[in-house]
Amino acid sequence: MEQSIGLLTLNAKFIHSSLALRYLRNASRNAGYQNVWIREFVINQPVWKIAAEIQKLQPEILGVGIYIWNRSQSLELIERLQKQMPELKIVVGGPEVSFEKEGSLAYPIISGEGEKKWVEFLDLTRKNESPSDEVLKRWRTYGTDLPELISPYLKEDFPKLKNRIVYFETSRGCPYLCSFCLSALDKTVRYFDEKTVHKQIKELITAGIEKIKFVDRTFNLKPGRMKKLMQWLSQFKGNEFHFEVVGDILTPEILDFLETVPPGMFQFEIGIQTTTESVQETIKRKQSNQKLFATIQRLVEQDRIHFHCDLIFGLPGETLERIKESFSQVMALKPHELQLGFLKFLPGAPINDLVEKHQYRYQSTPPYELISHQELSAKEVLYLKQFVDIFDRYYNSKRFRFSINALLEKMDPVTLFNRLLEYHDSHALLMNPVSLDEHYRIFRDTFYPDPTPMEQDLLKDRKSTRLNSSHKPISYAVFCLKKKKLLSSPPPPLSPLPLSPATTSYLPLHTQAL
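Residues numbered from 1 in each chain as written. Predicted model: local features only at pLDDT ≥ 70, side-chain atom pairs only at ≥ 80, totals over all residues. Heavy atoms only, no water.

Chemist: Explanation requested: the overall build of the protein in the structure shown.
Modeler: Regarding its fold elements, the protein presents 19 helices and 15 strands. Carbon and sulfur atoms make up 51% of the accessible area of the protein, which totals about 23900 Å². (Helix = DSSP H or I, 4+ residues; strand = E, 2+ residues; numbered from the N terminus. Areas by Shrake-Rupley, 256 points an atom, 1.4 Å probe, with all protein chains shown as cover.)

Here it is, written out as structure tokens:
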């Protein structure tokens, strides 16, 4: 009887899906192992229940994908499975264990891209052989045994992917050397065959998949290739496609082309990280702020691409004042969303070489997040954590966008969100959930305790946001034009409008190892 071979991981949320498991499954089947199955769980499910489900399937070999969001649950699950099923052979992989110290885990570790190494493990197991020390060392070495690039998705996957985010690659690797990112370790960029890409995407969309997130580290590295694919994707009305792009290398030709794409179909994630040039040099990030800002301004004017920008707080050499300057400069561009994150010392990332020089302190367990460095105190980091919390509640939720844009004409963004933070802090509201109606009241009391008719009309953000939720928030200028007649007379009294909380998902997906 053929061996039962399982692949599993624990996703952060049900809406997420694992691309890596599907590559490994297909590599196994292509190598002649047909009884290979995958299972995806969620980190908030009880570990004993997951173990019970796996035991029902009676695997003889099990590969487990371990990431920053599931490390503790995965190791707990493995311990339980080993004690429930002593004969079970386990191998682990994924970015979270790709740089483990030798001997720290009691099972083989696959580092980096894992397709070839995983199949090699299966071959040895079938022959009842154990990997030699030399083989184990090679498996733990990042960047070795790069596999042939194959399609990840099969027909059997489609029913399980409906109403979820589907991740997709058209290339692997990154040419940049940003020290905070594991992709800085990549040596080359490899591309999937164009016909294979088209075939897979068409199959996914035909099966009812609506959202595809491309995880190419730099989607616009080859502008001609980007334009050609986006032109082809434009035929799929009603679908959404998300890309990570480097803003300052978006060419004039691409920007001209973007004026022709269907509004709302494409979403860009533009990593800025910092606007402080000396810090960019320290982290080996090549970026022209002038070109980047001009590109983002063009995207805003075109009003066709929904985009969000990223900043990282706590980079080496960046003081609180410089962080505030970066924040204010990016806010002036009016991104649809601005993700404010904190530096993480991912195992294996080059940023770890700067820990001693900059006197960093950070969490020793996932998510390995910054606590302080020599130019940014722990107290200042705590303030920034609270600031980000308030910013997400009021800006990234899109519930107060018109009011915020109006206020930004009169005050700087740091002052605006500091005032909301001070209100929450003085009323002991930082620790507890706050209802949508309470958020509205807080915003009104903070900025408009005695609102004029125009201000009162602006405070109807919730209704306006709700009406535009199928696409994206219209600009403040457009909003004012549409409201011009209403502003000439006092509006009717406000009535509460229930609104589902906006959900954002951040999944730094590494298609490597398991």
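Chemist: I keep staring at helix H4 (residues 115–126) and nothing clicks. Help me out?
Modeler: It helps to recall that an α-helix has 3.6 residues per turn; residues three or four apart then point in one direction. Taking 1.5 Å as the rise per residue, H4 with 12 residues should run 16 Å; its terminal C-alpha atoms sit 17 Å apart, in good agreement. Taken together, the buried positions of H4 are Glu115, Lys117, Trp118, Val119, Phe121, Leu122, Leu124 and Thr125. In the stretch just after H4, Asn128 is the one whose phi turns positive, near 55°. (Expected span 1.5 Å × (residues − 1). Buried < 20%, exposed > 50% of the residue type's maximum accessible area, 1.4 Å probe, protein only.)

Chemist: How do you make sense of the packing of aromatic side chains when you look at a structure like this?
Modeler: What characterises a pair of aromatic rings is the spacing of the ring centres plus the angle enclosed by the ring planes. Here the structure, examined in full by the defined rule, presents 30 aromatic pairs. Within the aromatic cluster, the residues linked to one another by ring pairs are Phe168, Phe214, Phe219, Phe241, Phe243, Phe266 and Phe268. The positively charged end of Arg164 is found above the aromatic ring belonging to Phe14, 4.9 Å away from the centroid. One cation-aromatic arrangement involves Lys385 over Phe342; the distance from NZ or CZ to the ring centre is 4.6 Å. (Phe/Tyr/Trp six-rings, centres within 6.5 Å; stacked < 30°, edge-to-face > 60°. Lys NZ or Arg CZ within 6 Å of the ring centre and 35° of its normal.)

Chemist: I keep staring at the sheet that holds strand S2 (residues 36–42) and nothing clicks. Help me out?
Modeler: Either a parallel or an antiparallel arrangement is found when strands of a sheet pair, and the pairing is made through backbone hydrogen bonds. Spatially, S2-S1-S3-S4-S5 is the arrangement adopted by the five strands of the open sheet, whose pairing is parallel. Looking along the sheet, the strands with just one partner apiece sit at the ends: S2 and strand S5 (109–110). Two elements, strand S3 (residues 61–65) and strand S4 (residues 89–93), share five bridges in a ladder whose sense is parallel. What sits directly across from Val64, in S4, is Val92. With respect to the sheet, helix H1 (residues 19–30) is in contact with strand S1 (5–11) and S2, its orientation differing from that of S2 by roughly 170°. Across the sheet, helix H2 (residues 47–57) touches S1, S2 and S3, and the angle it forms with S2 is around 170°. (Pairing = 2+ DSSP bridges. Contact = heavy atoms within 4.5 Å. Axes fitted to C-alpha atoms, helices over the stretch in contact; angles between N-to-C directions.)

Chemist: What is the right way to look at unusual backbone geometry in this model?
Modeler: Backbone geometry follows two general trends: most residues other than glycine have a negative phi, and most peptide bonds adopt the trans configuration. In this structure, Pro367 follows Pro366 across a cis peptide bond, with omega equal to 10°. In this fold, Pro367 is placed in the loop between strand S14 (361–362) and strand S15 (370–372). A positive phi is found at Asn128, a non-glycine position, where the angle reads about 55°. Relative to the assigned elements, Asn128 resides in the loop between H4 and helix H5 (133–139). Residue class for Asn128 comes out exposed when judged on its relative accessible area of 72%. For Lys398, which is not a glycine, the phi torsion comes out positive at approximately 65°. Considering the arrangement of structural elements, one finds Lys398 in the loop between helix H13 (378–396) and helix H14 (401–407). Given a relative accessible area of 15%, Lys398 falls into the buried group.

Chemist: Before we go on, may I ask you to explain the sheet that holds strand S10 (residues 240–245) in this structure?
Modeler: The parallel open sheet is built from six strands, whose spatial order is S6-S9-S10-S11-S12-S13. Each edge of the sheet is formed by a strand with only one pairing partner; in this case those strands are strand S6 (166–168) and strand S13 (337–342). Adjacent strand axes in the sheet meet at a mean angle of 25°, parallel and antiparallel pairs treated alike. As paired elements, strand S9 (residues 211–214) and S10 share three bridges and run parallel to each other. Note that in S10 the partner of Lys213 across the bridge is His242. Packed onto the sheet, helix H12 (residues 320–331) meets strand S11 (266–273), strand S12 (306–313) and S13 and runs at close to 175° relative to S12. Contacting S12 and S13, H13 crosses the sheet at an angle of about 160° to S13.

Chemist: Explain the nonpolar core to me, please; I cannot follow it from the model alone.
Modeler: Considering soluble globular proteins, one finds that nonpolar side chains tend to be buried as a cluster. Grouped together as the largest cluster of nonpolar side chains are 110 residues, with contacts concentrated most on Phe268 and Phe417. At nine residues, H13 tops the list of elements feeding residues into this core. Filtering out sequence-adjacent residues up to four positions away, Phe268 remains in contact with Met226, Met230, Phe243, Val245, Leu250, Leu258, Leu299, Ile305, His306, Phe307 and His308. Trp37, Val47, Ile78 and Val92 belong to the second-largest nonpolar core, a separate cluster that totals 22 residues. (Core = buried A, V, L, I, M, F, W, Y, C linked by side-chain atoms within 4.5 Å.)

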